[in-house]
Amino acid sequence: MAGRIAVVGLGPAGPDLVTQGTRDRLAGAAQVVLRTTRHPAAVVAAGASSFDEVYEREATLDAVYRTIVAELVAMASEVPDDGELVYAVPGSPVVAERTVELLVGRAADDPVLDVEVLPALSFLDLAWVRLGIDPVARGVRVVDGQRFEIEAAGERGPLLVAQCDSTHVLSEVKLALDAGDVPALAPGRAVTVLRHLGLDDELVAEVPWEELDRCVEPDHLTSLYLPHLAAPVGAEVQRFVELVDTLRRECPWDRKQTHSSLRRHLLEESYEVLEAIDELDVESGHGYDHLEEELGDLLFQVAFHSRLAAEEGRFTMADVARSVHDKLVSRHPHVFGDVEVAGADEVVTNWEQIKKQEKGRESVFDGIPAAMPALLYALKIQKKAATLELGVEDADVAGPPLVDGSEHLTAEELGARLWDLVDQARVLGLDPEDALRAAAGRERDRLRALEQSD
C-alpha cells in the first residue's frame, strides 16, 4: 500500500501562528517529516526528520523537489495502515510549495496514494496586514523572485515578489526592471522590503530602488512589494506589439495585407536570417548587428500574422508564445520530467515520437511540408527515418557510383557532385527539383510502410 500523507503548514513565522489543526495532526502522526528545519516554527515538530540533506545533495532545486516527493511516497508505504505520515512545510502548503504541487499530482495518478492538504496561514496573510492593503481591491499579483523576468513580463504592478532569498535574486529583479530604453522604476523611487514577518526582528521598510541589492540582507523569509511600475517588464516586446497594431490600423499597405499576401515576405525574411547566420564570425563578433536586424524583421512577420489572427478572434502574440512554451516543455521530458537520455540523438528520437502522439499522426513522416525545397525535403525524410533506425542505404534513389575514397567526401566535393547532377538533368531536359522530390516521396512511402509493419 502506498499509504496516507497529510500535508500541513507551519505558518509564516513563529509557533504562535501555527494552527490548532496542524498541531493536532502532528500530535497524532505515525511519523513526521519536515521539508526543512530552516523555519522559526519547526520547533513544534521537535525530533522530526527533515529533507535538509537533499538540498545539499542535489544539483538543482527541481531535482530537490522531485527527490523529496519520491522519498515521501516511499516513506508513506512503510507507515502502518492505521497511521499516516505528516509532511510539514513552511507557510501554507498551497502557496509557493512546489513539492506539494508535485505530490498532489503524483497522488492523482496513483489510486493507492492518499494525500490530504490542510489549510494554514501563509506569509501573504501577514504581508497584506503589514502593507495595509486589500490585495483583491488593488489587483496585486504574486510572482516568484527566482522567475521574475518571466512571470512579471508585461506587468505594470502592483507586484508582491516572493522568495527573494539572496542578493543575486534582488539583483536579477533590478536588472529586469532597469532593462530597455525606459526603466520600469525611476532612480530615487522606493520599494518596500518585507523580512521576517511575524518575528521579533521583523522588517517592513521602504528602500531606495538603486540601493535594493546593497542595503538589504535577504534570506528565505524576504519579499518585495512594488506598488507601481512606470513601464512593463519586457517593455520592448510590448512596445513592438503595439507598433504592429498601429501600423495595421493606420498604414495603407499594412491594412491591405493578408496571411496569403505575406507568404513571400516571410520566406524572404527567413532566407535573409540564414544569410546573416552564414556571414557571422563568432570569434571576432562580426555580423551580430546584421543578425539582430534580420531577426527583428522575421519577428515582425510573426507579430503581423498574430495580429491578423487576433482580428479574427483566433489567437494573439501572447497565445503564440504560450503555445510554443508549453510545447517545448512537453517535448523535453528529460529536462522537465523524469525521462533520462543518453545523448542528443536520443533527444531527437523522443521528440519525434512525442510529436507523433501530440498530432495524432500515424507516422513520423506525416506533416513534412510538401513545399520544402527538394534537397531539404529529402534530408528531412532521412533524418526522421534515422530516429526510427530505418535504413536508407538500400533505397532505390542511389546516385552515381562511389569511387575509391569517396566515402570521405568533403562538402566541396559533394557540392560538385550535386552540381554535375543538376547539369546532367539540364542537358537531358529534366527538372532536378521534380525528380528529387518524386524520389523522396517514394522513399517516404517505403519507410512509412516499414515503420507500420513493426
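Residues numbered from 1 in each chain as written. Predicted model: local features only at pLDDT ≥ 70, side-chain atom pairs only at ≥ 80, totals over all residues. Heavy atoms only, no water.

Asks: Which parts of the structure should I look at to understand the overall build of the protein?
Replies: From N to C terminus, the protein includes 19 helices and 10 strands. Whereas a compact globule of 454 residues would reach a radius of gyration of roughly 22 Å, the protein reaches 29 Å, over 25% beyond that. Taken along the three principal axes of its C-alpha coordinates, the protein extends 90 × 60 × 45 Å. Looking at the protein residue by residue over its 454 residues, the buried ones come to 35%. A separation of at least 24 residues holds for 63% of the contacts in the protein among residues at least 6 apart in sequence. (Helix = DSSP H or I, 4+ residues; strand = E, 2+ residues; numbered from the N terminus. Rg over C-alpha atoms; globule rule 2.2 N^0.38 Å. Buried < 20%, exposed > 50% of the residue type's maximum accessible area, 1.4 Å probe, protein only. Contact = heavy atoms within 4.5 Å.)

Asks: Would you explain the sheet that holds strand β9 (residues 203–208) in this entry?
Replies: Read from one edge of the open sheet, five strands run β6-β7-β10-β8-β9, paired in mixed fashion. Pairing within the sheet leaves two strands with one partner each, and these edge strands are β6 (141–144) and β9. Averaged over all adjacent pairs, the angle separating strand axes in this sheet is 25°, with direction ignored. Pairing analysis gives six bridges linking strand β8 (residues 190–195) to β9, with the strands arranged antiparallel. Looking at β9, one finds that Ala190 is bridged to Pro208. (Pairing = 2+ DSSP bridges. Axes fitted to C-alpha atoms, helices over the stretch in contact; angles between N-to-C directions.)

Asks: Is there a simple way to think about the packing of aromatic side chains in this case?
Replies: Aromatic ring pairs are reported here in terms of the distance separating the ring centres and the angle at which the planes meet. By the definition in use, this model includes two aromatic pairs. Taking the centre distance of 6.2 Å and the plane angle of 70° together, the rings of Phe51 and Tyr87 count as edge-to-face. In this pair, Phe51 is assigned in the loop between β3 (49–50) and α2 (52–57) and Tyr87 in strand β4 (residues 85–89), connecting sequence segments 36 residues apart. (Phe/Tyr/Trp six-rings, centres within 6.5 Å; stacked < 30°, edge-to-face > 60°.)

Asks: Help me understand helix α13 (residues 288–311), please; the structure alone is not making it clear to me.
Replies: An α-helical turn contains 3.6 residues, so a residue and the one three or four places further along point in the same direction. In this model α13 runs 34 Å from its N-terminal to its C-terminal C-alpha over 24 residues, within 8% of the 34 Å that 1.5 Å per residue would give. Taken together, the buried positions of α13 are Leu291, Glu294, Gln301, Ala303, Phe304, His305, Ser306, Leu308 and Ala309. (Expected span 1.5 Å × (residues − 1).)

Asks: Just checking my understanding: could you explain the nonpolar core for this structure?
Replies: Soluble globular proteins tend to pack their nonpolar side chains together in the buried interior. Within the largest apolar cluster, 23 residues are counted, with the highest numbers of intra-cluster contacts made by Ile5, Phe51, Leu72, Leu85, Tyr87 and Leu103. Listed by contribution, the elements that provide at least two residues to this core are β1 (3–9), α3 (61–76), β4, α4 (98–109) and β5 (113–117). Residues in contact with Leu85, not counting those within four places in the same chain, are Arg4, Ile5, Ala6, Gln31, Val32, Val33, Leu72, Met75, Ala76 and Val79. Within the second largest apolar cluster, 22 residues are counted, among which are Val143, Phe148, Val161 and Val169. (Core = buried A, V, L, I, M, F, W, Y, C linked by side-chain atoms within 4.5 Å.)

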